[in-house]
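# Topology and contacts: notes
Listed here are the chains, written in short residue letters.
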Amino acid sequence: MQKTVLVPYAHLPRAHHNRHVLTSTIDVFGTAHWLLAERAPQPGDDVLPFDVLVVSVHPGGDVELTELSAVRTRWPRLDRLPDGGFVVAATRARRHEDADQVQVFNALGRETSSFSVGDAIEHLLVDEAGHIWVGHFDENPAGIRRWSATGRLAWTSDGARIPGLFDCYALNVSGSAAWACPYTDFPLVEIRPDRTSQPVKVRSNRVRGAKAVAVHGERVTFYGGYGEERDRLAHGELTETSVEPTEVSVLTLPNDPAPRRRRVVSRGSRIYVQAEPFTAWGLFDLSN
């Protein structure tokens, strides 16, 4: 089977390797961010507010540091807002209406607001307009929703007739649109809330278990799967109603002979992949 090697994309500067990586992501503009704490969180401890450091590595290589004060979650999601601020969200909410679940920080690292988006966050991605897209895993059947940075619900998949939407396995946010591939039926779902005619288009799809998806023109690639297919790249072409498979290859990480935990982010034609110890991002770009 053909192999595709990830292209090195961004690295956490060595000066910060002594800190614990709470989480990391790539924003909609291609900047890599690491959320760092002094030590790893301890299971069972009460989470007291603590300060963290965000290390941002821009596409040109410039490094930016932002200190966030009084973060309240042990297992966070992170993304950056277009105005330079950050969103930090707790994956699990202590209560369904936990007003502290999502914290919004300004560019100076000060909290400006907080709100709840619901338990069991699988994906949290900010688009170019500053909307916060959230996809949930199967312990919360809320589906896929788009929020404002002040906590206003701006769009929901309720009533969108997406078949088998129990777990948002893959979510891609680029520009103002989103693409999703949810469990159990794994359709490819194109979501454009600002389009008055057919804001949601559902295409049938035979690829199962993908954790990331890239779209470029009429081409699509799914990354991941079950068991031995976790590094699978399944390529296809879009028709009006379906994804037609074309070929399958394997995505490999440079100098990575042993299986390790992965983190993935989908943005437009790009799939970013990070393996333990989560200090480097690699890139697969469907447009190349």
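A short tour of the structure in this document, coming up. From a predicted model like this one, the values you see are computed outputs, not experimental measurements. (Residues numbered from 1 in each chain as written. Predicted model: local features only at pLDDT ≥ 70, side-chain atom pairs only at ≥ 80, totals over all residues. Heavy atoms only, no water.)

## Details of the packing of aromatic side chains
- A complete count under the given rule lists seven aromatic pairs for this structure.
- Look at Tyr169 and Tyr183: their rings are 5.5 Å apart centre to centre, the planes differ by 10°, and that puts the pair in the stacked class. Of the two residues, Tyr169 is situated in strand E15 (residues 167-174) and Tyr183 in strand E16 (residues 177-183); the sequence distance between them amounts to 14 residues.
- Taking relative accessible area as the criterion, Tyr169 reaches 11% and is therefore assigned buried.
- We note Arg263 situated over the ring of Phe278; from NZ or CZ to the ring centre the distance is 4.3 Å. (Phe/Tyr/Trp six-rings, centres within 6.5 Å; stacked < 30°, edge-to-face > 60°. Helix = DSSP H or I, 4+ residues; strand = E, 2+ residues; numbered from the N terminus. Buried < 20%, exposed > 50% of the residue type's maximum accessible area, 1.4 Å probe, protein only. Lys NZ or Arg CZ within 6 Å of the ring centre and 35° of its normal.)

## Some details on the sheet that holds strand E1 (residues 3-5)
- Strand order in the open sheet made by the five strands is E1-E22-E21-E20-E19, with mixed pairing throughout. Each edge of the open sheet is held by one strand with a lone partner, namely E1 and strand E19 (212-216). Going from strand to strand, the sheet's axes swing by 30° on average, the running direction of each strand aside.
- As defined by bridge partners, strand E21 (residues 232-238) adjoins strand E22 (residues 243-252) across seven bridges and the pair is classed as antiparallel. The residue bridging Leu238 from the neighbouring strand is Val243, located in E22. (Pairing = 2+ DSSP bridges. Axes fitted to C-alpha atoms, helices over the stretch in contact; angles between N-to-C directions.)

## Topic: a nonpolar patch on the surface
- A cluster of nonpolar side chains, namely Phe166, Tyr183 and Tyr226, defines an oily patch on the protein surface of about 310 Å² accessible area.
- Position of Phe166 among the secondary structure elements: in the loop between strand E14 (153-156) and E15.
- The exposure class assigned to Phe166 is partly exposed, which follows from its relative accessible area of 49%. (Patch = residues over 30% accessible without salt bridge, like charges linked within 9 Å, V, L, I, M, F, W, Y side chains within 5 Å. Areas by Shrake-Rupley, 256 points an atom, 1.4 Å probe, with all protein chains shown as cover. Salt bridge = Lys/Arg side-chain N within 4 Å of Asp/Glu carboxyl O.)

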